[in-house]
Structure formats: structure tokens, C-alpha cells
Amino acid sequence: MIVVTLNENSFTRDLTVYLENKIKINLSSSGVGLSLVLGFGAAYVCYYLSSVAKKPQLITGSATLCEFLQRYCPVVTETYYPTFWCWEARVQTLLRPFITTRPWVEYRNELIETADGGNISLDWNNNDDNALYPVSATRPTILILPGLTGTSKESYMLHMVKQSEILGYRSVVFNNRGVAGETLLTPRTYCAANTEDLETVIFHVQNTFPEAPLMAAGVSMGGMLLLNYLGKIGQQTPLKAAVVFSIGWDVFACTASLEKPLNWILFNYYLTNCLQASISRQRQIFDTLFNIDYVMKAKSIREFDERFTSVMFGYKTNADYYKDASPYHKLKSIEVPVLCLNALDDVFSPAYAIPMQSAKQNPNVALLLTAHGGHIGFLEGIFPRRMTYMDRLFKQFIQAVFEHKDELKSA
């Protein structure tokens, strides 16, 4: 980490000389304007360094897990410097898909059958040509779960798969039913509370490579589903560890935040349309069970869940579904090491709903909270085209888990 000490007087003096000599500006006639510019710039720099760039909070009830993270994931101790021109939460969230690169990743698609006669689309990056783990049978494997309407093609997923590839690992992306272009065979999609499909996928991956160590990562709703699974399964999971990013801890708080006018315009309406589009594409299989016209009139995620998701999965009310889908209820039952990254300014997951006290009571759980970063944003650097803070944390943590698993087990 590089620490820059800024002397405001020196900065102002040097910039004035530069403008006089290079731009030929008449400072005597425009000194007031220049002073305002320099004053504003100095004030912005001071504000950024004092209020925006901060070290994250690492919260865990285990001293040994804390030491493990600090030793092998140095990013947890570093000051997070959000991109200075787009550090606001909504801007970070909106820009990430457009501004970051989309690394090339080679996938092999596999459709697996489910107990109800449906199918699940998995995208494998086997990484067979790497020299670090040339033996396929024992190559570390990471299962990655995308967000609410996401697939293996999202930019944040491509970056996670690429980082896994660089380290020599195998990765497999679990695409939720109906979102990756496959035809639904049964009138069922997915939700954050029902873990049956995830259990099927984990069983399949484990049986395919029984000698390979396995861990999982989840983003947004994918992370919620992963924590709900871990809370349900406990010690019976074959996963060695897990890491989740930008998850909603309390679905009631999440939906309330997303229904605020600006957030509804920027995020809620778009995501609702994405959910409706996935249903519309396969409408024929749902028509006899749901009033699809009524579902298509939903104006928010909550209305969509009331009319479709909660009904599909047999909940008496949408409130029952939201309670069951909220991971903070399951936190105490998690039995493997889990690292959870959230930004305190994430409008999808309000800071007041993050279970900081509950995390301290489970030695397997660690929360990493940044002051800024938005929802799956975490942009950093002047031109944030490549790795984000989230990407760096992902890479360091999965490497720590696979390369130092004995120390993690003792932690």
C-alpha cells in the first residue's frame, strides 16, 4: 500500500507555476477563479482522504480466523480507495458492468437432471492446461453462484472465473433455472430460500471430482442462497469454506430500501423487468398454474414475489418467504469458515440490517465491511477497468483456503 502525503500549500504553489508557464493563463485577471478551483480541489482531496478512503471493518468472533485472514488475505487490512470520481454507492453499482473488462473465459456447458424432472445449467471452466494443478482428479474446485438474474456471462462472474483460472483451479458456475437460455422442463424456477437445486449441484460436483477440495462463492442472491444452504446443512456439507459478496441479510430491509423512489427508478424496475422476461420466455409452462398477465403487471420485486415466487414455493404469504430467505436467521448454524463482504453504503443491503453482533457469536463467520463500494461495485483506481477490491479479496481468500487448508481447519 502506498501512502501519499499531500502538502496543500506546496500543491497550490506548484500548480500555479505550472499554469503560468505552460497554459499562459493570466493569473492576475483570473486569480479568483483559479483560487476557487484550487481551493475546491484541495478540499475535495481532504474530504476523500478523511471520509471516503477507509480501512474496512473485520468482524469475527474467532481470533484465529481473524489472524488467518490478516496473514493470507492482506486486502482485509488495507485501506480501500474507491475510484475518486465515482465512489458514490449508486454510481459504483451502475458503472461496474459497463466500465470493467470482460475477460475471455472458456466454458463447457452441462445440463443435469433434478429430482422433479427439471434441469440445471452448469458452466464449467476445467482449466485442464494449467501447470499448477495438472491432475484433474485433485484440482481444487470452486462453485460460483451469480446474483438474482445473473448468469456465467456477467462481468463479475467472468472476473471470478478468470482469477480461479490464474491460480490453477477449476470453477463451475451454477446458473439458476431458466436464466441461461435453457428450456424449462417443469414449472419451477428459483428463489433465495429453497436450497434443493444447490444441494443437487453440490452433490453432482462432489461426485464428479470426489478427490478435489471444494469451496463455494456467492454474489448477491447467490450468496444468500449459499448461506441459507450452509445454515441448513451444517457440518454435512462437503464445502471447505465459502465467501459471499453484497448479500442481502434481511429481505424486508432490502426491499424497503429498493422501493425508495430513486432506487426504484435505478434498480428495482429494471430487475423486475428482467424477472418478468425470464418468465415470459417460457410462459407456456406456467400458464395453467399462474395468472401470468397479473405477474407481468408487477412494478417491483416485492410485487413479483407476492404474485409468483412465494406462490411457486408454497409459502402462505410473501412475508413468510422473505423471513425464510433472510440469511441472518441461519448465521448461527454455519459450521464452515465463511467470509462475507458488504459495503455499508449498499442500497440493496442497508447497513442497519447487517448482523454484526450475530457474526461475533459464530467463530466460523467473518464480516468484512467497507465504507463504500455499492452493490457488487468495489471499483478502485483511477481507471477501474480490471480487478476490483472484490476481485482481489476473492482471489486471496480462495488461494488461502486451498493452499493453507490445514491452518484454516484449526482456525
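Reading guide: rules and limits
Residues numbered from 1 in each chain as written. Predicted model: local features only at pLDDT ≥ 70, side-chain atom pairs only at ≥ 80, totals over all residues. Heavy atoms only, no water. Pairing = 2+ DSSP bridges. Helix = DSSP H or I, 4+ residues; strand = E, 2+ residues; numbered from the N terminus. Axes fitted to C-alpha atoms, helices over the stretch in contact; angles between N-to-C directions. Contact = heavy atoms within 4.5 Å. Buried < 20%, exposed > 50% of the residue type's maximum accessible area, 1.4 Å probe, protein only. Polar contact = N/O pair within 3.5 Å; in protein donor to acceptor, adjacent residues only side chain to side chain. Phe/Tyr/Trp six-rings, centres within 6.5 Å; stacked < 30°, edge-to-face > 60°. Lys NZ or Arg CZ within 6 Å of the ring centre and 35° of its normal. Salt bridge = Lys/Arg side-chain N within 4 Å of Asp/Glu carboxyl O. Expected span 1.5 Å × (residues − 1). Arc of directions from axis to C-beta. Parallel < 35°, antiparallel > 145°, perpendicular 65-115°, else oblique. Nonpolar A, V, L, I, M, F, W, Y, C, P; charged D, E, K, R; others polar.

A few words on the sheet that holds strand E3 (residues 119-125). Pairing is mixed across the open sheet formed by 9 strands, whose spatial order is E1-E9-E8-E7-E6-E4-E5-E3-E2. The sheet is open, and its two edges are formed by strand E1 (57-59) and strand E2 (108-113), each paired on a single side. The sheet shows a mean angle of 20° between the axes of neighbouring strands, taken without regard to direction. Both strand E4 (residues 141-145) and strand E6 (residues 214-219) contribute to a ladder of 5 bridges, which runs parallel. The partner of Thr-141 across the bridge, within E6, is Leu-214. Contacting E2, E3, E4, strand E5 (170-175) and E6, helix H6 (residues 196-208) crosses the sheet at an angle of about 45° to E3.

To continue, consider the side chain of Asn-130. Secondary-structure assignment places Asn-130 in the loop between E3 and E4. By relative accessible area, Asn-130 is classed as buried at 11%. A distance of 2.7 Å separates the side chain of Asn-130 from the backbone oxygen of Asn-127, its partner in a polar contact.

Attention now moves to the packing of aromatic side chains. Under the definition given, this model contains 19 aromatic pairs. With a centroid separation of 6.1 Å and an interplanar angle of 45°, the aromatic rings of Tyr-47 and Trp-87 are classed as tilted. Residue Tyr-47 is found in helix H2 (residues 27-52), and its partner Trp-87 is found in the loop between helix H3 (63-72) and helix H4 (89-99); the two are separated by 40 residues along the sequence. You can call Trp-87 buried: its relative accessible area is 19%. Here Arg-170 stacks its cationic end above the ring of Phe-209, 3.5 Å away from the centre of that ring. Over the ring of Tyr-294 we find Arg-307, and its NZ or CZ is 4.0 Å from the ring centre.

Moving on to the pattern of salt bridges. Scanning the model with the defined rule gives 18 salt bridges in all. Note that Arg-392 and Glu-78 form a salt bridge whose closest N and O atoms lie 3.2 Å from each other. Of the two residues, Arg-392 sits in helix H14 (residues 389-403) while Glu-78 sits in the loop between H3 and H4, which places them 314 residues apart along the sequence. Here Arg-283 and Asp-287 are joined by a salt bridge, their closest N and O atoms 3.3 Å apart. Its relative accessible area of 40% is what places Asp-287 among the partly exposed residues.

Bridge analysis of E2 against E3 gives 6 bridges, and the strand direction is antiparallel. The residue bridging Glu-113 from the neighbouring strand is Asn-119, located in E3.

Between its first and last C-alpha, H6 extends 18 Å over 13 residues, near the 18 Å set by a 1.5 Å rise per residue. Residues of H6 that are buried: Asp-197, Leu-198, Val-201, Ile-202 and Val-205. Axial view of H6: buried residues confined to an arc of 135°, hence all on one face. Where H6 is buried, its residues meet E2, E3, E4, E5, E6 and helix H7 (221-233).

A separate point is the packing of helix H9 (residues 261-280) against helix H11 (residues 301-312). Between two packed helices, what matters for the description is the angle formed by their axes and the separation of those axes. The N-to-C vectors of H9 and H11 enclose an angle of 30°; their axes lie 8 Å apart at closest approach. One element, H9, and the other, H11, form an angle in the roughly parallel class. Packed against H9, whose contacting residues are Asn-268, Leu-271, Thr-272, Leu-275, Gln-276 and Ile-279, the element H11 presents Ile-301, Phe-304 and Phe-308 at the interface. Of the residues contributing to the contact of H9 with H11, the split by class is 6 nonpolar, 3 polar and no charged.

Counted residue by residue, E5 has 6 buried out of 6 residues, so it is predominantly covered. Side chains of E5 alternate between two faces, with Arg-170, Val-172 and Phe-174 and Ser-171, Val-173 and Asn-175 buried alike. Inspection of the sheet shows E3 paired to E5 by 5 bridges, in the antiparallel sense. Bridge pairing links Asp-123 to Val-173 in E5. Of the pairings in the sheet, the one linking E4 to E5 comprises 4 bridges and is parallel in character. Opposite Thr-141, over in E5, you have Arg-170 as the bridge partner.

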